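The primary structure of each chain is shown beneath.
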Amino acid sequence: MDPDYSAQDVARCDLCKTAIAQSYCDFCHVNLCKPCIGEHISEDYKKTHVIVPIQQRKSTLIYPKCQTHQNEVCKYQCKECNISMCSDCLASKHHNKEHEFVKLEEVYNTKKEQIQSDTAELENQILPVYEEIVHEIEMQIASLDGEYKKLTTEMSKQREEIHRKVDNALDQMEKEIDEIKVKHHSILQKHLDEIKQLQSLMQHTLLVLNEIEESNEVSKTIHFSSKNEEFSKLPPKVIASMPKFIPKEIDREELCSLIGMLTPLSTTLEERVFTAKKPNNSVRELLDEPEVLNTIKTGHVKLRSVTCPNDEQIWTNGETVDIKCFNIHGVLQKTILTKSGEYPLDIAVDRDGVLLYSDWKTRTVYKVKNDQNEEIITLQGWIPTKLCVTSSGDLLVTMFSDDKTQSKVVRYSGSTVKQTIQFDDDGQPLYSGNSYIKYISENRNLDICMADSTAAAVVVVNQAGKLRFRYTGPSSSTKNKPFVPYGITTDSQSRILTSDWNNHCIHILDTDGQFLRYIDNCDLEEPVGLCVDSNDSLLVCEYTKGNVKKIRYSK
């Protein structure tokens with residue numbers, strides 16, 4: 001097995017490097033297996049070795065050496081001078097006897113409590129706020145292209161509007177030109193007609209003159225009256241000046257003011273005030289009679305998982321290549337096909353609403369963005385099974401080894417391993433080692449809850465991966481068949497809900513693993529995958545039927 005892909009949270013012996021350590025030298029700070037204890041002590045037998053069980057490592061306090069008395073250690077502190085002192089220092093006359101002294105152990109324990117409190121506050125309160133801030137800024141950066149696209153789109157609309165108005169104005173001016181042209185033509189045509197009329201009269205006069213000139217008749221000749229004087233008065237010349245287009249000089253600033261104004265980028269710093277998150281104190285009591293609100297027929301063969309990214313959609317998968325998205329009324333909205341052509345072992349949705357799925361064939365967890373399959377985690381020696389996106393945005397992945405002898409939970413930030421959970425403090429496996437699918441969920445108190453069907457137990461560890469409890473069914477059961485948990489989820493009250501395959505019901509537990517009640521009146525058949533929506537309605541997958549039932553179980 002590749003050691004780079006087999007990280008474990010179990011302590012190994014620092015001497016032989018292979019065996020699991022059961023002991024610890026609190027003086028030398030080394031892990032030891034039982035066979036290596038003697039070798040470790042014999043290496044330097046003059047040292048005062050302190051061998052303790054591995055669970056009690058670093059429990060023996062290491063006091064500072066006294067600067068005055070070289071063979072003594074300081075176990076006291078002067079509260080006024082804030083210096084460490086040994087018992088010889090206290091007995092000597094070199095220090096003011098009126099000063100108040102305190103045991104260093106008490107100071108140490110007080111500081112330890114403060115450190116533990118600071119650690120818990122940093123991990124559970126402050127750091128998640130920073131993660132939210134980072135997520136918020138990343139979302140802002142991711143949305144920049146879209147926001148600036150909107151800006152340019154608005155400008156494009158203004159461009160089109162201005163072009164339209166300019167075209168309309170120029171069209172109107174062209175219309176005016178056509179009207180002026182008609183008028184100009186009419187004036188010239190009238191003038192032309194008048195001149196042609198005079199021409200016609202002159203032609204007629206010439207004919208008359210020619211006739212008289214060749215005639216011997218006295219009467220026609222003496223009565224002729226000359227019209228040359230009248231004809232010599234030329235008609236007035238019509239001068240029509242052509243209209244001109246005088247383009248107006250366009251001033252850039254004036255044009256910009258007409259188009260609109262672009263405000264400058266403005267940035268300000270707004271003070272953030274840290275407020276510790278308060279626990280959810282609103283109590284949602286369990287209903288005496290849970291009720292089915294809706295049944296969605298998914299059409300999946302052997303339905304396995306359901307997840308709800310919001311109150312409007314659910315994603316489902318079964319033992320088929322397609323992952324389906326339905327609206328709350330059960331209408332199919334979208335179908336995604338796996339990259340390998342094999343069915344996925346689980347699905348989840350991250351905080352950005354992006355679909356994730358685990359593929360056993362390629363040993364890969366994929367992200368589906370813009371209908372494209374993007375690899376985010378690929379394993380060697382292990383097969384990914386169930387997925388859970390945590391409140392901080394991390395991804396929990398359950399997996400089993402190729403030889404089907406080991407199972408573990410790995411926490412990822414992106415594609416980077418942050419934590420591996422596999423063994424308890426005694427080095428014993430937390431989960432059964434086989435290929436059976438182990439559903440997983442994070443509780444509101446940050447516990448990690450797993451339904452281990454082979455072990456017939458719900459295994460719950462805290463955020464650090466330390467075992468909190470195992471639930472193997474209620475102390476007195478009214479069910480006929482053994483408890484076999486499959487699906488698991490949690491609600492706003494930090495209650496744990498797990499599906500009991502054999503008995504066709506749901507167990508509801510409190511945050512400490514105490515049985516509260518069953519959901520066994522909703523005609524469930526082979527319940528497997530579970531999830532809870534924002535209103536604490538439970539969605540249950542029925543394996544063979546391929547239905548998702550929405551159940552109201554609290555008020």
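Residues numbered from 1 in each chain as written. Predicted model: local features only at pLDDT ≥ 70, side-chain atom pairs only at ≥ 80, totals over all residues. Heavy atoms only, no water.

(A) Just the pattern of salt bridges, in detail. Across all of its chains, the model carries 21 salt bridges by this definition. Here lysine 165 makes a salt bridge to glutamate 161, at a shortest N to O gap of 3.8 Å. Of this pair, lysine 165 and glutamate 161 are both found in helix α3 (residues 104-214), 4 residues apart, which corresponds to roughly one turn of the helix. Given the relative accessible area of 51%, lysine 165 is considered exposed. In this structure, lysine 466 engages aspartate 425 in a salt bridge whose closest nitrogen and oxygen atoms are separated by 3.1 Å. Of the two residues, lysine 466 sits in the loop between β22 (457-461) and β23 (467-471) while aspartate 425 sits in the loop between β19 (416-421) and β20 (439-442), which places them 41 residues apart along the sequence. Among the charged side chains, a salt-bridge network with shared partners connects Glu161, Arg164 and Lys165. (Salt bridge = Lys/Arg side-chain N within 4 Å of Asp/Glu carboxyl O. Helix = DSSP H or I, 4+ residues; strand = E, 2+ residues; numbered from the N terminus. Buried < 20%, exposed > 50% of the residue type's maximum accessible area, 1.4 Å probe, protein only.)

(B) View of the packing of aromatic side chains. Counting across every chain of the model gives 6 aromatic pairs. Geometrically, the ring pair formed by tyrosine 471 and phenylalanine 483 is edge-to-face, given 5.4 Å between the ring centres and 75° between the ring planes. Here tyrosine 471 is found in strand β23, whereas its partner phenylalanine 483 is found in the loop between β23 and β24 (485-490), with 12 residues between them in sequence. Take tyrosine 471: its relative accessible area is 3%, and that puts it in the buried class. Connected via pairs of aromatic rings, a cluster forms that spans Tyr486, Trp501 and Tyr543. The ring centre of tryptophan 382 lies 4.0 Å from the NZ or CZ of lysine 408, which sits over that ring. The cationic tip of lysine 479 hangs over the ring face of tyrosine 518; the distance from NZ or CZ to the ring centre is 4.6 Å. (Phe/Tyr/Trp six-rings, centres within 6.5 Å; stacked < 30°, edge-to-face > 60°. Lys NZ or Arg CZ within 6 Å of the ring centre and 35° of its normal.)

(C) Just the nonpolar core, in detail. Membership of the largest hydrophobic core comes to 26 residues, with the highest contact counts inside it found for Val306, Ile314, Ile488, Ile496, Leu539 and Val548. Going through the elements one at a time, β8 (303-307), β21 (448-452), β22, β23, β28 (527-532) and β29 (537-542) are the ones with two or more residues in this core. Residues in contact with isoleucine 314, not counting those within four places in the same chain, are Ile296, Val306, Thr307, Cys308, Pro309, Lys324, Cys325, Phe326, Leu539 and Val548. (Core = buried A, V, L, I, M, F, W, Y, C linked by side-chain atoms within 4.5 Å. Contact = heavy atoms within 4.5 Å.)

(D) Geometry of the sheet that holds strand β12 (residues 346-349). Taking strand neighbours across the sheet as the criterion, the 4 strands line up as β12-β13-β14-β15 in an open arrangement whose pairing is antiparallel. Of all the strands in the sheet, just β12 and β15 (372-378) have a single pairing partner and so form its edges. Across the sheet, the mean angle from the axis of one strand to that of its neighbour is 25°, orientation sign disregarded. In terms of strand pairing, strand β13 (residues 355-359) meets strand β14 (residues 364-369) through 5 bridges, oriented antiparallel. Within β14, the position partnered with leucine 356 by the bridge is lysine 367. (Pairing = 2+ DSSP bridges. Axes fitted to C-alpha atoms, helices over the stretch in contact; angles between N-to-C directions.)

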